[in-house]
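# Structural description and commentary
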Amino acid sequence: MCDTEAMVDRAESLPLHESVLDRLGADIASGGIAPGTRISSDEIATRFDVSRTVAREVVRVLESLGMVSIRRRAGITVLDPAHWHALDPKLIRWQLAGPHRFAQLAGLAELRSGIEPLAARGAAAHATPEQCAALTAAVMGMSATARAANTAAYLDHDIAFHATLLAASGNPLLQVFAPIIREVLTGRTEHELMPAQANPQALQLHAAVAAAIQSGDGPGAESAMREIVSESATAIACLRPATSE
């Protein structure tokens, strides 16, 4: 299934307001609706066959994301990406569905390289026994579904591992990155960037992180987590078409 079809299918499964938001947001995020373009609530209502109330609510959400501005005389204007709230999970999801996916993933990999190793080091000092058990359970789940690493089952365990890691860091500012990491991992699966069978090295590294955190080895947890992010970035880069941005 092509990315456009996937976005439409997802949108059609959502409540009306979210469906329109997903489709219009993706159009802007992909560049299909260029910065500087002026649109109106009436145009949105007509295009998606919804009420003006729904159209206005969608526009308000896009405005909250910095994607459009609303002025009394100028109407609704699509803003340059420099104004967008780049770390909002919705925007990340829309961009990963667009033509600049690999550039977005490269930027997110750089962000993860600064966030998750730090979280792993913190988790080695702050993780509770329950969080250590959750990390181990996530690794076991990933191992059990490793032959279907491109499926929702593996994805669920992978997301659980990274969410638990961030929560265990002891730093509330690191925990807020969990939805961002979730979108990265989900995007890899939805856009067929995951191998059918998990890389054994990646599984070993996840196990190493869990073990280091449980033993209180901060440097070890940080080092193994850094390797996980690096392995992921390398795997994605190898799939990047030569003509991709």
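All figures in this text were calculated on a predicted structure; none of them were measured in a lab.

### A look at the overall build of the chain
Along the chain, the regular secondary structure elements total 12 helices and three strands. The C-alpha atoms of the chain give a radius of gyration of 20 Å, which matches the 18 Å a tight globule of 245 residues would have. Projecting the C-alpha coordinates of the chain onto the three principal axes gives extents of approximately 60 × 35 × 30 Å. Evaluated residue by residue, the chain yields a buried proportion of 46% over its 245 residues. Taking contacts inside the chain between residues at least 6 apart in sequence as the whole, the part at least 24 apart equals 68%.

### Quick word on the packing of helix 8 (residues 152-168) against helix 11 (residues 200-215)
Interhelical geometry of helix 8 versus helix 11 gives an angle of 35° and a closest axis separation of 12 Å. In this structure, the crossing between helix 8 and helix 11 has a hand that is left-handed. In this structure, helix 8 uses Tyr-154, Asp-158, Phe-161, His-162 and Leu-165 to contact helix 11, whose residues at the interface are Leu-203, His-206, Val-209, Ala-210 and Ile-213. Residues of the contact of helix 8 with helix 11, tallied by class, amount to seven nonpolar, two polar and one charged.

### Digging into the nonpolar core
Core analysis: the largest hydrophobic core is formed by 44 residues, its most contacted members being Tyr-154, Phe-161, Leu-165, Val-209, Ile-213 and Met-225. Elements that contribute at least two residues to this core include exactly helix 5 (89-96), helix 6 (101-126), helix 7 (129-144), helix 8, helix 10 (178-190), helix 11 and helix 12 (218-239). In contact with Leu-165, other than residues within four places in its own chain, are Glu-116, Ala-119, Ala-120, Ala-123, Leu-135, Val-209, Ile-213 and Met-225. The next biggest cluster of nonpolar side chains, apart from the first, holds 27 residues, and it includes Ile-44, Met-67, Leu-91 and Trp-94.

### Here we look at the sheet that holds strand 1 (residues 38-39)
Taken in spatial order, the three strands line up as 1-3-2 in an open sheet, and their pairing is antiparallel. Sheet topology places strand 1 and strand 2 (68-71) at the edges, where each strand pairs with a single neighbour. Sitting on the sheet, helix 4 (residues 52-64) touches strand 2 and strand 3 (75-78), and the angle it makes with strand 2 is about 115°.

### Quick look at the side chain of Gln-104
For Gln-104, the location among the structural elements is in helix 6. Gln-104 gets classed as buried once you look at its relative accessible area, which sits at 16%. Within the structure, Gln-104 has its side chain in polar contact with the side chain of Gln-95 (distance 2.9 Å). Dropping the residues within four chain positions of it, Gln-104 is found in contact with Ile-92, Gln-95 and Leu-96.

### Thoughts on the environment of Pro-89
Relative to the helices and strands, Pro-89 is located in helix 5. The sequence separation of Pro-89 and Glu-183 amounts to 94 residues, and the corresponding C-alpha distance is 6.4 Å. For Pro-89, the contacting residues outside a window of four places in its chain are Pro-179, Arg-182 and Glu-183.

### A few points about the pairing of strand 2
Sheet topology note: the strand 2/strand 3 ladder contains four bridges and is antiparallel. Of the residues in strand 3, the one forming a bridge with Ile-70 is Ile-76. Joining the antiparallel neighbours strand 2 and strand 3 is a turn of three residues.

### Focus on unusual backbone geometry
Outside of glycine, negative phi angles account for most residues, and trans bonds account for most peptide bonds. Phi is positive for Asp-49, close to 55°, though the residue is something other than glycine. Position of Asp-49 relative to the elements: it lies in the loop between helix 3 (41-48) and helix 4. In this model, Glu-192 sits at a positive phi of 60°, which is unusual for a non-glycine residue. Note on placement: Glu-192 falls in the loop between helix 10 and helix 11. Judged by relative accessible area, which is 64%, Glu-192 ranks as exposed.

### Structural notes on helix 5
Judged by how many residues are buried, helix 5 sits mostly within the fold: six of eight residues are covered. Those residues of helix 5 lying buried are Leu-91, Ile-92, Arg-93, Trp-94, Gln-95 and Leu-96. One side-chain oxygen at the N-terminal end of helix 5 lies 2.9 Å from the backbone nitrogen of Lys-90; it belongs to Asp-88.

### Side note on the pairing of strand 3
As paired strands, strand 1 and strand 3 are joined by two bridges and run antiparallel to one another. Residue pairing across strands places Arg-38 opposite Thr-77, the latter belonging to strand 3.

### With respect to the packing of helix 11 against helix 12
It is the contact of helix 11 with helix 12, at a shortest axis distance of 8 Å, that shows an interaxial angle of 155°. The angle between helix 11 and helix 12 falls in the class roughly antiparallel. For the pair helix 11 and helix 12, the crossing hand works out as left-handed. On the side of helix 11, the interface is formed by Gln-201, Ala-202, Leu-205, His-206, Ala-208, Val-209, Ala-212 and Ile-213, while helix 12 contributes Gly-220, Ala-221, Ala-224, Met-225, Glu-227, Ile-228 and Glu-231. Here the contact of helix 11 with helix 12 is composed, by residue class, of 10 nonpolar, three polar and two charged.

Definitions and cut-offs
Residues numbered from 1 in each chain as written. Predicted model: local features only at pLDDT ≥ 70, side-chain atom pairs only at ≥ 80, totals over all residues. Heavy atoms only, no water. Helix = DSSP H or I, 4+ residues; strand = E, 2+ residues; numbered from the N terminus. Rg over C-alpha atoms; globule rule 2.2 N^0.38 Å. Buried < 20%, exposed > 50% of the residue type's maximum accessible area, 1.4 Å probe, protein only. Contact = heavy atoms within 4.5 Å. Axes fitted to C-alpha atoms, helices over the stretch in contact; angles between N-to-C directions. Left-handed = near helix turned anticlockwise from the far one by under 90°. Nonpolar A, V, L, I, M, F, W, Y, C, P; charged D, E, K, R; others polar. Core = buried A, V, L, I, M, F, W, Y, C linked by side-chain atoms within 4.5 Å. Pairing = 2+ DSSP bridges. Polar contact = N/O pair within 3.5 Å; in protein donor to acceptor, adjacent residues only side chain to side chain. Parallel < 35°, antiparallel > 145°, perpendicular 65-115°, else oblique.

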